[in-house]
Amino acid sequence: MSARRAAVWWMARAPRLAAVLTLAAVLTLSTLAGCGGAPAPKAASSLPQAGCARADGIEPDFRTLTPWTGPGVAAGALQPGTYTIATTRLQLQLSEQARARFLAVMVDIGKTVDRAPGLVGYQIGSSERCAVTRTLTVWQSEDAMLDFVTGQAHSAAIDAIPQISRGGSNTAHWQGDQTQATWEVAAAKVAADQGPFY
């Protein structure tokens with residue numbers, strides 16, 4: 001095994017990288033800042049609700065916030081190919097301070113995503129009722145994904161996870177073609193994931 005592969009193997013299992021992958025998947029939330037931000041989450045007394053658990057799949061009020069965006073997108077769809085696909089399910093803290101911190105971190109990350117080598121495309125979506133943001137990123141390779149998520153923008157953002165997530169957030173990544181880059185597949189991947197959770 002090469003040194004890079006060994007590092008990738010270890011990092012894929014390390015809690016710090018899992019936190020980075022969580023942020024990688026939500027890298028496009030700078031879009032929300034330009035659109036007036038995400039809706040404020042419901043009051044803490046209304047969580048959790050039926051349909052909001054990770055194992056429940058897509059949240060009942062989930063909606064896609066951004067169309068497929070990126071260099072590998074044509075006519076609103078991913079180009080055919082085999083890719084590394086990453087997703088996150090981020091359970092946001094309910095305070096305005098956490099929401100503001102989340103948007104600030106995502107603006108910084110969003111400044112680098114469009115020029116990230118190996119990026120194919122990305123989407124984000126959310127559930128206001130469940131205070132959950134989901135993301136889907138597609139990369140030419142696992143190395144391209146790891147190069148981005150371990151880069152400077154994410155290294156600076158990793159420390160924000162405790163200020164953003166209310167716990168129970170997780171990520172997953174897998175190899176697949178463009179037909180495997182869907183919210184349904186992503187929901188099944190994070191539902192089956194055994195952690196770590198943040």
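Note: the structure precedes this text.
Figured I'd write up the structure that's included with this text. Quick caveat: nothing in here was measured; it's all calculated off a predicted structure.

A short note on the side chain of R89
Mapped onto the elements, R89 comes out in strand β4 (residues 82–91). In this structure the side chain of R89 is engaged in a polar contact, spanning 2.5 Å, whose partner is the backbone oxygen of C52. Within the structure, the side chain of R89 is placed 2.6 Å from the side chain of Q91, a separation counted as a polar contact. With residues up to four places along the chain from it excluded, the contact list for R89 reads C52, A53, R54, E59, V132, T133, R134, S169, N170 and V190.

Brief notes about the environment of I58
With respect to the helices and strands, I58 occurs in the loop between α3 (30–34) and β1 (63–64). Judged by relative accessible area, I58 falls into the partly exposed class, the value being 30%. Taking C-alpha positions, I58 is 6.1 Å from A187, a pair spaced 129 residues apart along the chain. In this structure I58 touches R134, W183 and A187, once residues within four positions along its chain are discounted.

A look at the sheet that holds strand β7 (residues 170–177)
Sheets are built from strands that pair by backbone hydrogen bonding, the pairs being arranged parallel or antiparallel. In spatial order, the strands read β1-β5-β6-β4-β7; together these five strands make up an open sheet with antiparallel pairing. In this open sheet, the two strands that pair with only one neighbour each are β1 and β7. Relative to strand β6 (residues 132–139), strand β5 (residues 119–127) is paired through eight bridges, and the arrangement is antiparallel. When the sheet's bridge partners are listed, Q123 is paired in β6 with L136. Lying over the sheet, helix α8 (residues 183–192) contacts β1, β4, β5, β6 and β7, oriented at roughly 130° with respect to β7.

Here's the deal with the state of the cysteines
In the structure shown here, the tally under the stated rule is one disulfide. The partner cysteine of C52 in its disulfide is C130, sulfur to sulfur 2.0 Å. On the sign convention where negative is left-handed, the bridge of C52 and C130, at about -75° about the S-S bond, is left-handed. One end of the pair, C52, is in the loop between α3 and β1; the other, C130, is in the loop between β5 and β6, with 78 residues separating them in the sequence. Like C52, the residue C130 is buried in the burial classification.

A few points about the pairing of β5
Counted residue by residue, β5 has nine buried out of nine residues, so it is predominantly covered. The hairpin formed by β5 and β6 contains four residues between the paired strands, and A131 there has a positive phi angle of roughly 55°.

Topic: the pairing of β6
The element β6 is extensively covered by neighbouring structure, given that eight of its eight residues are classed as buried. Side chains V132, R134, L136 and V138 of β6 all project onto a buried face; the interleaved residues T133, T135, T137 and W139 project onto the opposite face, where all are buried too. One ladder, built from eight bridges, connects β4 with β6; its direction is antiparallel. Bridging from a neighbouring strand, L90 pairs with T133 of β6.

Here's the deal with helix α5 (residues 142–149)
Buried residues dominate α5, accounting for six of its eight residues. Looking only at α5, the buried set comprises E142, A144, M145, L146, F148 and V149.

Reading guide: rules and limits
Sequence order as written defines the numbering, with residues in each chain counted from 1. For a predicted model such as this one, the threshold for reporting local features is a pLDDT of at least 70, and the threshold for listing and counting side-chain atom pairs is 80 or more; totals across whole chains, interfaces and linings nevertheless cover every residue. Just so you know, side-chain values use all the structure's heavy atoms and leave hydrogens and water out. Secondary structure elements are taken from DSSP: a helix is a run of H or I of four residues or more, a strand is a run of E of two residues or more, and numbering for both begins at the N terminus. Within 3.5 Å is the distance limit for a polar contact, defined as a pair of N or O atoms, with the added protein rule that one can donate a hydrogen and the other accept it, and that residues adjacent in sequence qualify only through two side-chain atoms. When checking whether two residues touch, look at their non-hydrogen atoms; a contact exists if any pair is within 4.5 Å. Under the scheme applied here, a residue whose accessible area is under 20% of the maximum for its type counts as buried, over 50% as exposed, and between as partly exposed, the area being computed with a 1.4 Å probe on protein chains only. Think of it this way: DSSP has to see at least two bridges between two strands before they count as a pair. Each axis is a line fitted through C-alpha atoms, and for a helix only the stretch in contact is used; angles between axes span 0 to 180 degrees, taken between their N-to-C directions. Only a pair of cysteine sulfur atoms within 2.5 Å qualifies as a disulfide here.

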